[in-house]
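# Structure assessment
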Amino acid sequence: MRTTVGWQADPAPTLRRVPVERRALRPDDLAVRVDYCGVCHTDLHALDAHDGAAHTPLVPGHEFTGVVTETGSEVTRFAPGDPVAVGNIIDSCGECAMCRCGQENFCRAFPTLTYGGVDRHDGSTTLGGYSREYVVRDRFAHPLPPGLDPAAAAPLLCAGITVWEPLHALGAGPGVRVAVAGLGGLGHLAVKLAVALGAETWVVSRSPAKGDDARRLGAHGLLVSSDPDQMADARDRFDIVIDTISAPHDLAACLRLVAMDGTLSLLGHLGTVTLEVMDLLVGRKKLSSAGSGGRQATAAMLDFCAQHDITADIELLPSARVNEALDRLRRNDVRHRFVLDMSDLD
Ligand SMILES: NC(=O)c1ccc[n+]([C@@H]2O[C@H](COP(=O)([O-])OP(=O)(O)OC[C@H]3O[C@@H](n4cnc5c(N)ncnc54)[C@H](OP(=O)(O)O)[C@@H]3O)[C@@H](O)[C@H]2O)c1
Ligand SMILES: [Zn+2]
Ligand SMILES: [Zn+2]
């Protein structure tokens, strides 16, 4: 075993600085010095779910960048000193139909999550990137393209890929109208990516004050979700609605925005939803979802971001301020992603 330092909830909700054990390197493992880790709203959901739970350690963090410090004996893709990025899945069965077609994120045996997952070899609970070192199977580490700022690129590895896969799969591009509901971490990257793909892109938000942000990100404009006139005017207008809203909400309002044969992709709230089928029937609309991304898609997304100079808009904080970042994220007081600088853990 190797020992590093990280931020752990045990029990939640406050994270404390504790020693964190990492496994000794397997032949196909990398040790990564974690430099920057994004704060995803899923980390908040995980902390909330963990509160009061039996004593399983929870170290959140599943979008990080850093540098390879050591490689296992069979690793050929990476060498010490290489900049790398790791996202929210770190292993899969590698054999099922999904893995074979490059959709490791849909692995039939379920992909191993970066934290709160179960290691496929030793059965241990995975501990996330709010720590100074991570050990990861080389297949699930991605070379960080030169030119991408490592701090601002960290959120690409969860927020970015999560919105990239559905935008890509649903054909976002010139002549396609996209609406992004919720202008947070996922939402602002969805706007940047959809704009760079050439789609006419709008934001749907509770917060009229985010209008300037939306336009600065390249959106045509912002629809205020609480304004019935604006929402009525936008009826049937969008081929793709990317819904990143982090809380349960009225799907009917989002479906009314979808054009005939268009799709609502529900990415934010992953629980049970209530749906009136008539809201799909009228306009032959589709309801879909997505999560994370396969290895190929992640590499393609990183290349696209490097070509188009896309990274997250971040507020960088020393990792010791992680609890403040989580509190502010809970209050929707973030533009648009917190990233933790892990160097204070040395
Ligand atoms: N599918 C996946 O694999 C995947 C991956 C990562 C994250 N997620 C989930 O995606 C969601 C968004 O994550 P994030 O990191 O982007 O969160 P975030 O930065 O907090 O953004 C969420 C946005 O949702 C809107 N919102 C929040 N509460 C709302 C409410 N009660 N009603 C209406 N709108 C509300 C806000 O936008 P406005 O102020 O603009 O209205 C907020 O900025 C989370 O639930 C997260 O767990 C899913
Ligand atoms: Zn995430
Ligand atoms: Zn599989």
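Predicted model only: the values in this text are computed from it and were never measured.

Calculation notes
Residues numbered from 1 in each chain as written. Chains lettered and ligands numbered in written order. Predicted model: local features only at pLDDT ≥ 70, side-chain atom pairs only at ≥ 80, totals over all residues. Helix = DSSP H or I, 4+ residues; strand = E, 2+ residues; numbered from the N terminus. Rg over C-alpha atoms; globule rule 2.2 N^0.38 Å. Buried ≥ 20, exposed ≤ 12 C-beta atoms within 10 Å, placed from the backbone. Contact = placed C-beta atoms within 7 Å. Near = placed C-beta within 6 Å. Nonpolar A, V, L, I, M, F, W, Y, C, P; charged D, E, K, R; others polar. Domains from an automatic or database assignment. Axes fitted to C-alpha atoms, helices over the stretch in contact; angles between N-to-C directions. Parallel < 35°, antiparallel > 145°, perpendicular 65-115°, else oblique. Left-handed = near helix turned anticlockwise from the far one by under 90°. Pairing = 2+ DSSP bridges. Arc of directions from axis to C-beta. Expected span 1.5 Å × (residues − 1).

This next bit is on the overall build of the protein. Of regular secondary structure, the protein possesses eleven helices and 17 strands. Here the protein has a C-alpha radius of gyration of 20 Å; the compact-globule value for 346 residues is 20 Å, and the two agree. On the principal axes, the C-alpha backbone points of the protein span a range of 60 × 40 × 40 Å. Burial statistics for the protein: of 346 residues in total, 48% are counted as buried. Relative to all contacts within the protein whose residues are 6 or more apart in sequence, the contacts with residues 24 or more apart total 65%.

Quick look at the site of ligand 1 now. As a matter of local geometry, ligand 1 sits amid 29 residues, with His41, Gly182, Gly184, Ser205 and Gly291 nearest to it. Counting only elements with at least two residues in the shell around ligand 1, the list comes to helix H1 (41-50), helix H4 (159-169) and helix H5 (185-196). Looking at side-chain class alone, the shell around ligand 1 contains nine nonpolar, 18 polar and two charged residues. Of the domains in this structure, domain 1 (2-158 + 312-345) and domain 2 (160-289) are the two that each give at least three residues to the shell around ligand 1.

With that settled, consider the domain arrangement of the protein. Here the protein is partitioned into domain 1 (2-158 + 312-345) and domain 2 (160-289). Between the C-alpha centres of domain 1 and domain 2 there is a distance of 28 Å. The interface is formed by twelve residues belonging to domain 1 together with nine residues belonging to domain 2. Residues belonging to the side of domain 1 that touches domain 2 are distributed by class as follows: six nonpolar, three polar and three charged.

Moving on: the packing of H4 against H5. The contact between H4 and H5 brings their axes to 8 Å, and the two run at 50°. Between H4 and H5, the angle falls in the class oblique. The way H4 lies across H5 gives a crossing that is right-handed. Counting all contacts with H4, which are made through Ala159, Gly160, Thr162, Val163, Trp164 and Leu167, the residues of H5 involved are Gly185, Leu186, Leu189, Ala190, Leu193 and Ala194. Tallied by class, the residues present in the contact of H4 with H5 amount to nine nonpolar, three polar and no charged.

Ordered in space as E12-E11-E10-E13-E14-E15, the six strands form an open sheet in which the pairing is parallel. The outermost strands of the open sheet, each flanked by one partner alone, are strand E12 (221-224) and strand E15 (286-289). Within the sheet, the average angular offset between the axes of one strand and its neighbour, ignoring direction, is 25°. In this sheet, E15 lies alongside strand E14 (residues 258-266) in parallel orientation, the contact comprising four bridges. Counted as the bridge partner of Ser265 is Ser288 from E15. H5 rests against strand E10 (177-181), strand E11 (200-205) and strand E13 (238-243) of the sheet, and its axis sits at about 170° to E10.

The next point concerns helix H11 (residues 322-330). Given 3.6 residues per helical turn, the α-helix brings residues three or four places apart onto the same face. Every buried residue belonging to H11 is among Val322, Ala325, Leu326 and Leu329, and all of these are buried. What you see down the axis of H11 is that its buried residues fit within an arc of 95°, all on one side. Positioned one or two residues after H11, Asn332 has a phi angle of 65°, which is positive.

Compared with the 20 Å implied by 1.5 Å per residue over 14 residues, the 20 Å span of helix H10 (residues 295-308) between its first and last C-alpha is a close match. Of the surrounding elements, those touching the buried residues of H10 are strand E5 (83-86), strand E9 (142-143) and H4. Just downstream of H10 lies Asp309, where phi reads positive at about 55°.

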